[in-house]
Amino acid sequence: MEPLENLCGTSKQPLENLCSRRRPSYLQVILSLQVILSLQVILSLQVSSPKEEETVIGTNMAALSRTGFFRIPPTRCRIPDIGRSGSGPVRRVSSVPPPGTWNSELSRLPHRDLYRLSVTDPDRFWGSAAAARLRWIEPFQRVRDCELRSGRIGWFLGGRLNVSVNCLDVHVEKHPDRVALIWERDEPGTEVKVTYRELLETTCRLANTLKSHGVQRGDRVAIYMPVSPMAVAAMLACARIGAVHTVVFAGFSAEALAGRIQDAGCKAVITCNQGVRGGRTIELKTTVDTAVKTCPTIQHVFVSQRTDRLTAMGQMDIPLEEVMSSQLPVCPAESLDSEDVLFLLYTSGSTGKPKGLVHTQAGYLLYCSLTHQYVFDYQDGDVFGCVADVGWITGHSYVVYGPLCNGATTVLFESTPVYPNPETGGVCIAPHPAEDGASILPAMAMRPFFGIQPVLMGEQGEPLSGSSVSGALCIRDPWPGLARSIFGDHQRFVDTYFRPYPGFYFSGDGAFRSEDGFYQITGRMDDVINVSGHRLGTAEIEDALDEHPAVPEAAVVGIHHEIKGEVPFAFVVLKEDSVDRPSVVLQQLKDLVSTKIAKYAIPEHFLVVKRLPKTRSGKIMRRILRKVAMETSSDLGDVSTLDDPSVVMEIIEAHEAYRKQRKEEQKKK
């Protein structure tokens, strides 16, 4: 089971607005204070002070900037009845809501009434929101047509629109000189601003460039770029002409990039000569050159100049800025069906082979727009900051599409955030929205978003009622932002997310529902181990270990045991002042787990390591730890998505030393 970050987004993420509202010179900053479960596929930003001098991108298309960015009627939906186990599909029919309903009535309702409407009459709720918040070329005829058992998900059927028009043109008509992007570049003290008009012109030039080189509607385009205005323009240019973009984090290896290009059958790659991140220069073009050698579908590689360094250009390579300068700053927007594919996003591979999750046009855009406004309390005129990379779903949803659809000024953070740690997300359960003065509890996802009906399932697949219960977290009804499929393998999509609990969407997470009806995520269900008949979530053990002041972080996996079935194996990082007394700390950790959980939860093995293997998004790659613990490290699979692959050898060597030590101790016995 793959984590939800890329399906509907599992984000354990907190938020607080530290800016003065409607003061564009300050950043609206999202800090990690509160856990948010995000199930949409599925933010944090260093506090920055306003710069005394700010660089504003102009519209002179004659030359390259040093930044590498050009100046420039019925509805049918089958829904299971949770009160009847195994019940058949239910047909529900309703008409499309009249125009103006959302702005004139629904959006003014108190939160409690609006949420109730979203679950009792989802067609009216989502239909009204879509009709009012999005610009349509042709209005939709049905709000939804969904059947979860087969993984069929369709929203706003018959409607046609263009995502880039909703993110750019509609705002250029109202306030063309509003700043759309603030690019906080890796170099300290530099900042670039891009207005909506400039972003639209650049997007159109790039779109025309793609079209002139044979990229057509439905073609897949890989984007391998650092967080930058040009990366945003590349995404929007694909959306404008109906091409399908797949953004790959500009730090993945050539092997990881090639695998994604091959699976998607990409026709072109858009990249930069180099990337700059955390003070380091990354040779992006070199990585692309290696990757495309094994990608026969690639016809062109468009190369943007992020730095002044010249790069070798081959037959397929096209200097992006140079070619864009001769293109028109106007590009007609394709009329696209609501369910045409907008983008593919590949999982990071932390649990196995990456898979490309499919997101479509209208449903995804509407959901991003609503969650951006309501979860983060966005108000017109705010400057919104999210430090996620555009290569992750959070970057798609809350750096690009959500903020731009709402006409916000969004911050692009090119460097590496040191504090707080970035998380991913497209939100389905969060502390906000809520009634005024409603409580917010630390470490709890808390309240379902509009249209989301969480259901906790027991071990026999039965819905659990009441409070103070734990179970598998499922969602009763589909929502517009839900991924539609796995590219090229819809059966895998069904088997992974809909077959475990027929008629429901399975998140892959376990959750606890409190006495107050709030939800807390207890960890991945595939990280549950069975110790002598006791089911334990590894996240519970990790939480107990992390409470020790000498342990900055820990990871627990389950391994086979001949008598107990499974036992926990803990990988523990110790602070420097505790490294010289590991036996003392480890005994304290055993006592802590025994006190917090139970004696049977005490890990059978403790391995002290310097650091844990993490992807560049900060996720611990537990499959590597599991293979090391089970002594099958000769078959680790792809480790190129790790932030630093050398950590693997460190852990293998530490485990080998631990294994030898245990053998010596057994001989003495």
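Residues numbered from 1 in each chain as written. Predicted model: local features only at pLDDT ≥ 70, side-chain atom pairs only at ≥ 80, totals over all residues. Heavy atoms only, no water.

For the chain, an unreviewed UniProt entry supplies the name Propionate--CoA ligase and the organism Amphiprion ocellaris. UniProt's Sequence similarities (unreviewed entry) comment on the chain is quoted here verbatim: "Belongs to the ATP-dependent AMP-binding enzyme family." (UniProt positions renumbered as here; feature names shortened; annotations may be inferred.)

> Please explain the overall build of the chain as it appears in this structure.
A count of helical and extended segments in the chain gives 16 helices and 33 strands. Buried positions account for 58% of the 669 residues belonging to the chain. Total accessible area computed for the chain in this model is approximately 26000 Å², and 49% of it derives from carbon and sulfur atoms. (Helix = DSSP H or I, 4+ residues; strand = E, 2+ residues; numbered from the N terminus. Buried < 20%, exposed > 50% of the residue type's maximum accessible area, 1.4 Å probe, protein only. Areas by Shrake-Rupley, 256 points an atom, 1.4 Å probe, with all protein chains shown as cover.)

> I'm lost on the pattern of salt bridges in this one. Help?
Charged atoms that come close allow side chains of opposite charge to pair. With the rule as written, the count across this model stands at 30 salt bridges. We note a salt bridge from R178 to D380, for which the minimum N-O separation is 3.0 Å. A residue pair is termed long-range when its members are at least 10 positions apart, and R178 in the loop between helix 4 (163–174) and strand 8 (179–184) and D380 in the loop between helix 10 (362–375) and strand 20 (383–385) qualify at 202 residues. Using a relative accessible area of 48% as the deciding quantity, one classes D380 as partly exposed. Of the charged contacts in the structure, one is a salt bridge between K564 and E604, with a shortest N-O distance of 3.4 Å. Remark: E604 occurs in the loop between helix 14 (582–596) and strand 33 (605–609) and K564 occurs in the loop between strand 31 (553–561) and strand 32 (565–573); sequence separation between them is 40 residues. Look at K564 and you get partly exposed, because its relative accessible area is 33%. Relative accessible area serves as the criterion here: at 34%, E604 is assigned to the partly exposed category. By sharing partners, the salt bridges in this structure join R185, E187, R306 and E414 into a single network. (Salt bridge = Lys/Arg side-chain N within 4 Å of Asp/Glu carboxyl O.)

> So what exactly am I meant to see when it comes to helix 15 (residues 622–629) here?
One full turn of an α-helix is made of 3.6 residues, so residues set three or four places apart face in the same direction. Counted residue by residue, helix 15 has six buried out of eight residues, so it is predominantly covered. The complete set of buried residues in helix 15 reads R622, R623, I624, L625, V628 and A629. On its buried side, helix 15 packs onto helix 13 (538–546), strand 31, strand 32 and helix 16 (646–668). Just downstream of helix 15, E631 is the residue with a positive phi angle, here 60 degrees. (Contact = heavy atoms within 4.5 Å.)

> Whenever I open this one, unusual backbone geometry confuses me. Can you help?
Phi is mostly negative for residues that are not glycine, and the peptide bonds are mostly trans. Across the junction of H432 and P433, the peptide omega takes the value 5 degrees, indicating a cis bond. By the element assignment, P433 lies in the loop between strand 22 (429–430) and strand 23 (447–448). Its identity as a non-glycine residue notwithstanding, M446 has a phi of 80 degrees, on the positive side. By the secondary structure assignment, M446 is in the loop between strand 22 and strand 23. Backbone geometry places E631, a non-glycine residue, at a positive phi of 60 degrees. Take E631: it is sitting in the loop between helix 15 and helix 16.

> Would you explain the packing of helix 2 (residues 111–120) against helix 3 (residues 122–133) in this entry?
Pairs of packed helices are described in terms of their axes, by the angle between the two and the distance that separates them. As a packed pair, helix 2 and helix 3 sit with axes 5 Å apart at the nearest point and diverge in direction by 110 degrees. Considering the angle they form, helix 2 stands roughly perpendicular to helix 3. The residues of helix 3 that touch helix 2, namely those facing L114, L117, S118, V119 and T120, are P122, R124 and F125. Partitioned by chemical class, the residues of the contact of helix 2 with helix 3 number five nonpolar, two polar and one charged. (Axes fitted to C-alpha atoms, helices over the stretch in contact; angles between N-to-C directions. Parallel < 35°, antiparallel > 145°, perpendicular 65-115°, else oblique. Nonpolar A, V, L, I, M, F, W, Y, C, P; charged D, E, K, R; others polar.)

> In this structure, what is going on with the packing of helix 4 against helix 6 (residues 229–241)? I would like to understand it.
At a closest axis distance of 7 Å, the pairing of helix 4 and helix 6 adopts a crossing angle of 120 degrees. Taken together, the axes of helix 4 and helix 6 are oblique relative to one another. Where helix 4 crosses over helix 6, the handedness of that crossing is left-handed. Mapping the contact onto sequence places V163, S164, V165, C167, L168 and D169 in helix 4 and L236, A239 and R240 in helix 6. (Left-handed = near helix turned anticlockwise from the far one by under 90°.)

> I tried to follow the nonpolar core on my own but got confused; where do I start?
Generally speaking, nonpolar side chains in soluble globular proteins are found buried as a group. Counting 140 residues, the largest nonpolar core has F156, L199, L206, I270, Y401 and L404 as its most contacted members. Once residues lying within four places of it in the same chain are set aside, the contact partners of L199 are L168, A180, L181, V194, P229, V232, A233, L236 and L404. Residues A555, I620, L642 and Y658 belong to the second largest nonpolar core, which totals 22 residues. (Core = buried A, V, L, I, M, F, W, Y, C linked by side-chain atoms within 4.5 Å.)

> Can you walk me through helix 3 in this structure?
Relative to the 16 Å expected for twelve residues at 1.5 Å per residue, helix 3 spans 16 Å between its end C-alpha atoms, a close match to the ideal helical length. Counting buried positions over the twelve residues of helix 3 gives nine, a clear majority of the element. Residues P122, D123, F125, W126, G127, S128, A129, A130 and R133 constitute the buried set of helix 3. Buried residues along helix 3 sit in contact with helix 1 (101–104), helix 2, strand 5 (142–144), strand 6 (155–157), helix 4 and helix 10. (Expected span 1.5 Å × (residues − 1).)

> Help me understand the pairing of strand 32 in this model?
Remark: a regular strand shows side chains that alternate across the two faces of the sheet. By the criterion of burial, strand 32 is predominantly enclosed, with seven of the nine residues buried. Bridge count for strand 31 against strand 32 is nine bridges, and the pairing is antiparallel. Bridged to A555 within strand 32 is F571. Where strand 31 hands over to strand 32, the hairpin turn is made up of three residues, counted between the paired strands. Examined bridge by bridge, strand 32 and strand 33 share five bridges and lie parallel to one another. By the bridge assignment for strand 33, V573 is matched with V609. (Pairing = 2+ DSSP bridges.)

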